[in-house]
Amino acid sequence: MRATGKHTCALAAATAVLLTASACGGSPYDSDTRPKTNAGHRTIRPVEGCGDTAWTDPADLSPTREPARCQQGAPPARPLAEPRKVTIATGTLSAEYVAPLQVALDKGEFTKEGLDVTLKVLPTPDALPLLAKGDIDAVWAAPEAAVMNGIRGGFDIKWVAGNFSPDPESKSGLWVRLKDGETADSVSMADRRLGTMIGKGSVIAYPMEKALERHGGALDEITYQQLGSADVLTALQNGGVDSAWLLDPVWREVDDKPGYAFLGGQPAGEPLGGLLYGRSLLQDDVDAGVAVLRAYIRTVNSYFATDYKHDEAFVTYLAKLLKADRKILRSTPPLRMDWEIRKGTTDRLQAAYRAQGVTEGEALPESRAVDRSLYEEAVGHTP
């Protein structure tokens, strides 16, 4: 089926899978488990190395919340009975937020689970219909407007794991060129031209809306200029745009320089992206879906649990893996890798999308877009 139009062509909707699954020992289809549509009966058992710190209350939105963590090397691998090929699409392989997937692949964490994983570079709009049809298994992206519109149109897709939240010292986010007489505390954002890689409908709409509210603007009062990743900073510096969303480490180029001000970024403690699953891992092969998350979570606990940039050898390794400049990678604070999804994030994102005019109809309930049960299974947490 060819994908067209705003909703990228609605596939027939399948019943959403709500899972709880076993993390160690025994069959996931034991008789004492709770029934889950299209996923059989699954059991959650304690997982070695994952205790009380392996889960945090989704309702905790504190910016100082410590992300969930297991011990190094946990959760232990549980190889699938049969090897399974898995394709994960990602918009890039060089960004720091993709590092856990790259490290998991390079260090053999997926292989330990019996997974043959391929990371495929593919823009999210192109990946979504393939994910919904089962031609690819997962997407490392975010619940952007296109994703929410696709779910509303019938795509069987769920956000199943988070990726990161920013370090408190990071200034990744909304930057502006100050006009005469303006200061960082007194900036009018109405009628500004904003340079961004995504344009309307990106998850940055949510944090950007908060920043604009503090500076006399709104999402529908600015003009969006979609630019290539290498052009956003240049446009801000040469006056092509007068504001821009700058990512790590690009913001370093204007930090502490006269004429520029940082107005705000992604909320601390709240991931806005991560892994999206389609039918193949939500319904057809739930064991593989949990195994992917188990390998990802183990990688976070083993390599990204604390300030991974204090380890000079690891920074060198990471720069080579990501094909990034080591000095630039080292110049920014570490990301707080976080596999959990906060309560209400998709509600807040959808409110911002509506303010931008890129989504229509009633907001989707969180249950239509989010499934935390797979990572809960992976760490042995019973809701």
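## Description of the confidence of the model for the protein
Here comes step 1: For the protein, the average pLDDT comes to 86, and 89% of its residues sit at 70 or higher.
Here comes step 2: Across residues 1-40, confidence stays below pLDDT 50; counting only partners more than four residues off in sequence or on other chains, it has 117 contacts.

## Points about a nonpolar patch on the surface
Here comes step 1: There is a patch of nonpolar side chains on the surface, built from M197, I198 and L247 and spanning about 220 Å² of accessible area.
Here comes step 2: By the element assignment, L247 lies in the loop between β11 (243-246) and β12 (260-265).
Here comes step 3: Its relative accessible area of 34% is what places L247 among the partly exposed residues.

## Some words on the pairing of strand β6 (residues 158-162)
One face of the sheet, then the other: side chains in a regular strand alternate in exactly this way.
Here comes step 1: For β6, the buried fraction is high: five of the five residues fall into the buried class.
Here comes step 2: Sheet topology places β6 next to strand β13 (residues 274-277); four bridges connect them, and they run antiparallel. Bridging across to β13, A161 finds its partner in L275.

## Focus on the sheet that holds β13
The pairing of strands in a sheet comes from backbone hydrogen bonds and takes either a parallel or an antiparallel form.
Here comes step 1: A sheet is described by the order of its strands in space; here five strands give the open sequence β4-β3-β5-β13-β6, paired in mixed fashion. Lying at the two open borders of the sheet, with one neighbouring strand each, are β4 (115-121) and β6. Across the sheet, the mean angle separating the axes of adjacent strands is 25° when strand polarity is ignored.
Here comes step 2: Of the strand pairs in this sheet, strand β3 (residues 84-90) and strand β5 (residues 138-141) are connected by three bridges, and their pairing is parallel. Within the sheet, the bridge partner assigned to T90 lies in β5 and is W140.
Here comes step 3: The strands touched by helix α1 (residues 99-106) within the sheet are β3, β4 and β5, with β4 carrying the most contacts at an inclination of about 140°.
Here comes step 4: The sheet strands contacting helix α3 (residues 124-133) are β3, β5 and β13, and the helix crosses β5 at an angle near 155°.

## Details of the nonpolar core
Here comes step 1: Counting 99 residues, the largest nonpolar core has I88, L275 and Y277 as its most contacted members.
Here comes step 2: If you tally residues by element for this core, the top one is helix α8 (residues 286-303), at ten residues.
Here comes step 3: If we skip the residues at most four places from it in the chain, Y277 touches L131, D137, A138, D156, I157, K158, V160, L282, G289, V292, L293 and L374.
Here comes step 4: In this structure, W175, V241, L246 and Y260 belong to the second largest nonpolar core, which totals twelve residues.

## Comments concerning the pairing of β11
Here comes step 1: In β11, alternate side chains face the same way, and those of S243 and W245 on one face and A244 and L246 on the other are all buried.
Here comes step 2: Sheet topology places strand β8 (residues 173-177) next to β11; four bridges connect them, and they run antiparallel. Each bridged residue has a counterpart across the sheet, and for W175 the counterpart in β11 is A244.
Here comes step 3: Pairing geometry for strand β9 (residues 193-196) and β11, over two bridges, is parallel. The residue bridging L194 from the neighbouring strand is S243, located in β11.

## A look at the sheet that holds β11
Here comes step 1: Taken in spatial order, the five strands of this open sheet run β10-β9-β11-β8-β12, and their pairing is mixed. Every interior strand has two partners, whereas the edge strands, β10 (223-226) and β12, have only one. For this sheet the average axis-to-axis angle between neighbouring strands, irrespective of direction, equals 25°.
Here comes step 2: Two elements, β9 and β10, share four bridges in a ladder whose sense is parallel. Within β10, the residue paired with R193 across the bridge is T223.

## Overview of the environment of A138
Here comes step 1: Looking at the secondary structure, you find A138 in strand β5.
Here comes step 2: Expressed as a C-alpha distance, the spacing of A138 and G278, which sit 140 residues apart in the sequence, is 6.3 Å.
Here comes step 3: Among residues more than four places away in sequence, those in contact with A138 are T87, I88, A89, L131, L275, L276, Y277 and L281.

Parameters and conventions
Residues numbered from 1 in each chain as written. Predicted model: local features only at pLDDT ≥ 70, side-chain atom pairs only at ≥ 80, totals over all residues. Heavy atoms only, no water. pLDDT = per-residue confidence, 0-100. Contact = heavy atoms within 4.5 Å. Patch = residues over 30% accessible without salt bridge, like charges linked within 9 Å, V, L, I, M, F, W, Y side chains within 5 Å. Areas by Shrake-Rupley, 256 points an atom, 1.4 Å probe, with all protein chains shown as cover. Salt bridge = Lys/Arg side-chain N within 4 Å of Asp/Glu carboxyl O. Helix = DSSP H or I, 4+ residues; strand = E, 2+ residues; numbered from the N terminus. Buried < 20%, exposed > 50% of the residue type's maximum accessible area, 1.4 Å probe, protein only. Pairing = 2+ DSSP bridges. Axes fitted to C-alpha atoms, helices over the stretch in contact; angles between N-to-C directions. Core = buried A, V, L, I, M, F, W, Y, C linked by side-chain atoms within 4.5 Å.

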